[in-house]
Every structure is written in structure tokens, then in C-alpha cells.
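Each chain, written out:
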Amino acid sequence: MKKRFGVEVVRATDEPGNGVSVEDMAKKIKSLRPKLVAVTHVPTNSGLVQPVGSIGQLCRESDVLYLVDACQSVGQLPVDVTQIHCDFLTATCRKFLRGPRGTGFLYVSNKALSANLAPLFIDLHGASWESADTFQPIRSALRFENWEFPYALILGATEANRYALNVGIENIAKRNDELCGTLRSQLTQLPGVRLLDEGNRLSSIITLFSDRKSADELKAALAAEHINTSISTHGAAILDYDRKGMFTAAIRISPHYFNTEDEINMLVDTLKRILE
């Protein structure tokens, strides 16, 4: 958008160790009157949970459109658009919702719909053709969908959402908090390990750096023991890694409510053996 249309991108400053500064965001909203404020609820690493509700209140008071990326938070934390005060919220189903890859969802507020906002590309699923040169978007958020639709994947995504709701999002969040609290405290005792997590409130994403083994080596050794982790590269989190003086990759561990204490202990014991 910056290259094509001259959109100016302005970043708010961070509070040390606690994500985006709500105070600086308020100043920038007041002085710049942006067209859109965009915040990532839970970044891809660092375990951080951003204050999206507080920022949403600022946007609401200033009548500024607000977009929240909830890709990493939906399925592991309660996400309530009425408390966040967002106009748009996006999420994927393949992460903590445990649904099919290639599916996700978009929430659009009545405010955004009343402003007659529509996607850049729209087809006959999202609009009606009124005359030779005019069209009318349909009234609901369905205007943001396309005609071509992966129905089998959507059915799978629906079942994944239903499963999570049956377990209970509050129950999931409480269980994740317990598991991650236990795991973080044990990981800090391992030799040569540095946790990159920060923030007053932490999510179920734990990012670990070792000065003894590379992320690739750790991931491969853990996979050999049937322990699944992923790698968070510098290219996936440039702003965060540069601020932390990180120019390589880290292991990302993402416990979820179905994991057990025995599995947590097995992960820690395996890491300890690998690092010794």
C-alpha cells in the first residue's frame, strides 16, 4: 500500500518489555488522525499479549478505524470484539483453533459496514450488479467473501470452532497459563538458555534461544523424540529481534490445553540432555 498508493506507515513506540505503548498510541492518534490503526494481539514470538482493548477504546473515542490481527490469540485466549472495540478482526483456523490450513475468518463491525467499506476486489458473491457500470455491496460482512469457497475446509473449521467452544475458551486459557507457567520456570534453569518472552501478560507461545545449539539443531533433536516445535526466524520478527540484538533464529514452543505435565517434563528433560 505504501509503494502503490503512498500510504504512510507510522509505528507507535514500545513500552520496555511490555509491547506497544498505549500512551504513545494516543498521542499519535490525536496528532496524525490516521485512517487506520492496526495492532497484532499476540505476536509470532515473545509470548506477548498486547493491550488491544485499551487501544480500541482510544480508536473508538477518536472515531478511527481499528484492525486487530488475532491470528495467534484465537483459540488460546478469550477474544471478544465488543471488549476490544475493533472494526476488523482477522484470525486463522490452523493455529490454536486446530482447524484446517487455508481457512480463517474476518469480523467486520456495523460501523465499517455502514460506511459502505468494501474489499478492493469484489465479485457477485459480495455485491449485486446494478447497471452496466455500477454495483451495490450486500449489506452484511459477506461482501468480504469470494464466490469460490473451500466448503470442505470450512466445515472442518466450523467443527474446530465448535470443539474449542465446547471445551470452553476460559478453561483453555486457564490450562494454558498453568502449563506455560510451569514450563517457563523450568526452562530458565537450563544451561545456556535465554527466554525471549516479555510482557506483564504472557501467551502460550514460548520463544527460546540457546548459545550452545542452533535452533535448527534443537528442533531436529526434539523431533527425533517426537516433540513438535517450530522455528521463529529473524525474518519473521525483524523489529523484535533487532531490538533484542538477535540476528539468528529461536525455537518456538507452543503448549496447548491438551498437553500434559508429563509431556512438559519430557520436553525439559530432553532439552537438558541435548544441551549438556
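Conventions adopted
Residues numbered from 1 in each chain as written. Predicted model: local features only at pLDDT ≥ 70, side-chain atom pairs only at ≥ 80, totals over all residues. Heavy atoms only, no water. Core = buried A, V, L, I, M, F, W, Y, C linked by side-chain atoms within 4.5 Å. Buried < 20%, exposed > 50% of the residue type's maximum accessible area, 1.4 Å probe, protein only. Helix = DSSP H or I, 4+ residues; strand = E, 2+ residues; numbered from the N terminus. Contact = heavy atoms within 4.5 Å. Polar contact = N/O pair within 3.5 Å; in protein donor to acceptor, adjacent residues only side chain to side chain. Phe/Tyr/Trp six-rings, centres within 6.5 Å; stacked < 30°, edge-to-face > 60°. Lys NZ or Arg CZ within 6 Å of the ring centre and 35° of its normal. Axes fitted to C-alpha atoms, helices over the stretch in contact; angles between N-to-C directions. Parallel < 35°, antiparallel > 145°, perpendicular 65-115°, else oblique. Left-handed = near helix turned anticlockwise from the far one by under 90°. Expected span 1.5 Å × (residues − 1). Arc of directions from axis to C-beta. Disulfide = S-S within 2.5 Å. Pairing = 2+ DSSP bridges.

### Considering the nonpolar core
Here is step 1 of the chain: Counting residues in hydrophobic clusters, the biggest one holds 25 residues, and the most contacted among them are Met25, Val37, Ile55 and Tyr66.
Here is step 2 of the chain: At the level of secondary structure, the elements contributing two or more residues to this core comprise α2 (22-32), β1 (36-40), α3 (52-62), β2 (65-69), β3 (88-92), α6 (151-167) and α7 (169-187).
Here is step 3 of the chain: In contact with Tyr66, other than residues within four places in its own chain, are Leu36, Val37, Val39, Val52, Ile55, Gly56, Cys59, Ile84, His85, Cys86, Asp87 and Phe88.
Here is step 4 of the chain: Residues Ile227, Ile264, Leu271 and Leu275 belong to the second largest nonpolar core, which totals 21 residues.

### Focus on the side chain of Asp197
Here is step 1 of the chain: Its location among the elements puts Asp197 in the loop between β7 (193-195) and β8 (206-210).
Here is step 2 of the chain: Within the structure, the side chain of Asp197 is placed 2.7 Å from the side chain of Arg184, a separation counted as a polar contact.
Here is step 3 of the chain: Within the local environment of Asp197, its side chain forms a polar contact with the backbone nitrogen of Thr207, the two atoms lying 3.0 Å apart.
Here is step 4 of the chain: Sequence-distant contacts of Asp197, defined by excluding residues within four places in its chain, comprise Ser46, Gly47, Arg184, Leu202, Ile205, Ile206 and Thr207.

### Some remarks on the packing of aromatic side chains
Here is step 1 of the chain: One pass over the full model with this rule turns up three aromatic pairs.
Here is step 2 of the chain: Relative to Phe144, the ring of Phe88 lies with its centre 6.4 Å away and its plane at 80 degrees, an arrangement referred to as edge-to-face. Of this pair, Phe88 sits in strand β3 while Phe144 sits in the loop between β6 (134-137) and α6; the two residues are 56 residues apart in sequence, bridging distant segments of the chain.
Here is step 3 of the chain: Between Arg98 and the ring centre of Tyr163, over which it is positioned, the NZ or CZ distance is 5.4 Å.

### Quick notes on the packing of helix α8 (residues 215-224) against helix α10 (residues 261-275)
Here is step 1 of the chain: Put simply, α8 and α10 touch, their axes get as near as 10 Å, and they point 125 degrees apart. By the angle between their directions, the pair α8 and α10 is classed as oblique. Pair α8 / α10 crosses with right-handed handedness. Facing α8, whose interface residues are Leu218, Ala221 and Leu222, α10 presents Leu267, Thr270, Leu271, Ile274 and Leu275.

### Things to note about α10
Here is step 1 of the chain: For α10, spanning 15 residues, the distance from its first C-alpha to its last is 21 Å, which sits close to the expected 21 Å at 1.5 Å a residue.
Here is step 2 of the chain: Of all the residues in α10, the buried ones are Ile264, Leu267, Val268, Thr270, Leu271, Ile274 and Leu275. Down the axis of α10, the buried set is contained in an arc of 160 degrees. They therefore lie on one face.
Here is step 3 of the chain: Summarising the contacts, the buried residues of α10 are in contact with α7, β7, β8, α8 and β10 (250-253).

### So, the environment of Leu67
Here is step 1 of the chain: Topologically, Leu67 is positioned in strand β2.
Here is step 2 of the chain: We classify Leu67 as partly exposed; its relative accessible area is 25%.
Here is step 3 of the chain: With 168 residues separating them in the primary sequence, Leu67 and Gly235 have C-alpha atoms 23 Å apart.
Here is step 4 of the chain: With near-sequence residues (within four places) excluded, Leu67 lies in contact with Leu36, Val37, Ala38, Val39, Phe88 and Thr90.

### Quick notes on the state of the cysteines
Each disulfide consists of a covalent bond between the sulfur atoms of two cysteine residues.
Here is step 1 of the chain: Tallying each qualifying case throughout the model produces zero disulfides.
Here is step 2 of the chain: Considering cysteine sulfurs only, Cys93 is the nearest to Cys71, which forms no disulfide, with 10.0 Å between them.

### Some details on the sheet that holds β3
Here is step 1 of the chain: Overall, mixed pairing links the four strands, which are arranged β1-β2-β3-β4 in an open sheet. Each edge of the open sheet is held by one strand with a lone partner, namely β1 and β4 (104-108). For this sheet, the mean angle separating the axes of adjacent strands, direction not counted, is 15 degrees.
Here is step 2 of the chain: Note: β1 against β2, five bridges, orientation parallel. Note on β2: the bridge partner recorded for Val39 is Val68.

### Considerations on the side chain of Lys244
Here is step 1 of the chain: By the element assignment, Lys244 lies in the loop between α9 (238-243) and β10.
Here is step 2 of the chain: Contacts of Lys244, omitting those with residues within four sequence positions, involve Ser46, Arg194, Leu196 and Glu198.

### As for the environment of Leu65
Here is step 1 of the chain: Relative to the elements of secondary structure, Leu65 occurs in strand β2.
Here is step 2 of the chain: Considered as a pair, Leu65 and Lys272 are 207 residues apart in the sequence and their alpha carbons are 48 Å apart.
Here is step 3 of the chain: Contacts of Leu65, omitting those with residues within four sequence positions, involve Lys35, Leu36, Val37, Asp87, Phe88, Lys111 and Leu117.

### Some points on α2
Along an α-helix, a turn takes 3.6 residues, which lines up residues three or four apart on a common side.
Here is step 1 of the chain: Asp24, Met25 and Ile29 are the residues of α2 that are buried. The buried residues of α2 occupy an angular sector of 135 degrees when the element is viewed end-on, so they sit on one face. In α2, those exposed residues whose orientation departs by more than 90 degrees from the buried face are Glu23, Lys27, Lys30 and Ser31.
Here is step 2 of the chain: For α2, the elements touching its buried residues are β1 and α3.
Here is step 3 of the chain: After α2 finishes, the residue Arg33 shows a positive phi value of roughly 50 degrees.

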